[in-house]
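# Working through the structure, step by step
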Amino acid sequence: MATAVAPANIAFIKYWGMRDPEHILPYNSSISMNLDACLTTTTVLFDPALDTDEITLTWYQQVPHPATGRPRERVGAHLDRLRQLAGVDTRARVTSQNNFPADAGIASSAAGFAALTLATAAALNLDLDTTTLSRLARRSGSGSACRSIPDGFVEWYNGNDQKSIAVTIAPPEHWDLADIVAVVDMQPKKIGSAENHRLASTSPYFGTRLYEVQQRLDTVRQAIAQRDLTLLGTMIEADTISMHVVCMTQTPPSIYWDSGTLAVMHAIRAWRDEGLESYFTMDAGANVHVICAASDQHDVQQRLERLSAVQFTLVNRPGPGARLIPETS
Ligand code: PMV
């Protein structure tokens, strides 16, 4: 038995479009920051008395429920992948809980599958290094889970199955940033990222995105190395707009933003004009991640909470990757 906790991560340069759906390989490298306060905690117990895997999920502010349908299949398939590696067939009892809304563009699958990967490997006594854990987390189906394994600021390399792993490019303490998630919609999104990854290449703008993203990756690496918020912010806004434009122009089109998303985007631009520096980025959902210096966190958070579109905020700093929790009993 083992328990692991893993963070959600926010992509500064997005993974959007799947080049190889079997191995979950992206078209482009991506860069993210692990969040210290949006976490999934997962316990895995292998029990020879079980005939089938028992998977219980506790989502944010909800009662525990057994996993069914697609989530159950995905967890089961990932357990199988690790069982095969360990050469065992024993079924498992899995309990997993999120302390933030799931399926709402806050990377709950990334946190969930990173925690599942680490807890399962430990419960099976597999002694795996961070690189191998990251590769396995990528194969879960939520590719960005590989970025929730290493600490801090992370790059996931585009490459073949062996080389497409995520590594730390700067530790969490390198840069005192804040990511304030402005929650404008708690509802689970209607179209998951997996489906849209497959459709991305149908957008006439997908080729343009892939061309531009190379330059943006270099610039974001530089912005992180030099702790240059203006440079980072300019890039992350350009990248999120590019990703969502691809999504809105694919066949059939998909739109994650709602009126609340746009209200927050406009407010951030207006506050910037007044001298308060913060930047927006959205993953596959309507909720807005607002990136600013930690010293401006209170000001930005207060202003966000005064917007009628914002239901509440979740404040994060850069955080560590997936880690095991020692058993208390
Ligand atoms: O890893 P997935 O399949 O959950 O897709 C993640 C997609 C985005 O969150 C929109 C971008 C990213 O890089 O995290």
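Residues numbered from 1 in each chain as written. Predicted model: local features only at pLDDT ≥ 70, side-chain atom pairs only at ≥ 80, totals over all residues. Heavy atoms only, no water.

### Some thoughts on a nonpolar patch on the surface
- A cluster of nonpolar side chains, namely Tyr 205, Ile 241 and Val 245, defines an oily patch on the protein surface of about 230 Å² accessible area.
- Positionally, Tyr 205 belongs in the loop between α4 (193-199) and α5 (206-226). (Patch = residues over 30% accessible without salt bridge, like charges linked within 9 Å, V, L, I, M, F, W, Y side chains within 5 Å. Areas by Shrake-Rupley, 256 points an atom, 1.4 Å probe, with all protein chains shown as cover. Salt bridge = Lys/Arg side-chain N within 4 Å of Asp/Glu carboxyl O. Helix = DSSP H or I, 4+ residues; strand = E, 2+ residues; numbered from the N terminus.)

### Here's the deal with the sheet that holds strand β11 (residues 278-281)
- Taken in spatial order, the four strands of this open sheet run β11-β12-β10-β13, and their pairing is antiparallel. Unpaired on one side and paired on the other, β11 and β13 (312-316) mark the two borders of the sheet. With direction set aside, neighbouring strand axes in the sheet form an average angle of 25°.
- As defined by bridge partners, strand β10 (residues 177-183) adjoins β13 across five bridges and the pair is classed as antiparallel. Opposite Ile 180, over in β13, you have Val 315 as the bridge partner. (Pairing = 2+ DSSP bridges. Axes fitted to C-alpha atoms, helices over the stretch in contact; angles between N-to-C directions.)

### Structural notes on the packing of helix α1 (residues 69-86) against helix α3 (residues 130-139)
- Close contact between α1 and α3 brings their axes to 10 Å; oriented N to C, the two are set at 140°. The pairing of α1 with α3 is recorded here as oblique in orientation. The chirality of how α1 crosses α3 is right-handed. For the pair α1 and α3, contact is made by His 78, Arg 81, Leu 82 and Leu 85 and by Leu 136, Ala 137 and Arg 139, respectively.
- Its residues assigned to classes, the contact of α1 with α3 shows four nonpolar, one polar and two charged. (Parallel < 35°, antiparallel > 145°, perpendicular 65-115°, else oblique. Left-handed = near helix turned anticlockwise from the far one by under 90°. Contact = heavy atoms within 4.5 Å. Nonpolar A, V, L, I, M, F, W, Y, C, P; charged D, E, K, R; others polar.)

### Quick notes on the domain arrangement of the protein chain
- We note that the domain assignment places domain 1 (2-173) and domain 2 (176-316) within the protein chain.
- Using only C-alpha atoms to locate each centre, domain 1 and domain 2 end up separated by 23 Å.
- The interface is formed by 33 residues belonging to domain 1 together with 45 residues belonging to domain 2.
- Counting each side, the surface lost to burial between domain 1 and domain 2 is near 3,200 Å², with a carbon and sulfur contribution of 70%.
- Its largest share of buried area at the contact with domain 2, domain 1 owes to Phe 12, Lys 14 and Trp 16, together 27% of the area lost on that side.
- Applying the counting rule to domain 1 against domain 2 returns two salt bridges.
- Linking Glu 155 and Arg 221 is a salt bridge whose minimum nitrogen-to-oxygen distance equals 2.8 Å.
- Seen at the junction of domain 1 and domain 2, the total is eleven residue pairs in polar contact (both at pLDDT 80 or more).
- Here the element with the most residues in the side of domain 1 that touches domain 2 is strand β4 (residues 30-46); it accounts for seven residues. (Domains from an automatic or database assignment. Buried area = accessible area lost by both parts, 1.4 Å probe. Polar contact = N/O pair within 3.5 Å; in protein donor to acceptor, adjacent residues only side chain to side chain.)

### A word on the nonpolar core
- If you look at the biggest cluster of nonpolar residues, it comprises 31 residues, and the most contacted ones within it are Phe 12, Phe 153, Leu 177, Val 220, Ile 224, Leu 232 and Ile 291.
- Of all the secondary-structure elements, those providing two or more residues to this core are β1 (2-13), β4, α2 (108-123), β10, α5 and α6 (229-248).
- When residues of this core are assigned to domains, at least three fall in each of domain 1 (2-173) and domain 2 (176-316).
- For Val 220, the contacting residues outside a window of four places in its chain are Phe 12, Ile 13, Ile 31, Leu 232 and Met 235. (Core = buried A, V, L, I, M, F, W, Y, C linked by side-chain atoms within 4.5 Å. Buried < 20%, exposed > 50% of the residue type's maximum accessible area, 1.4 Å probe, protein only.)

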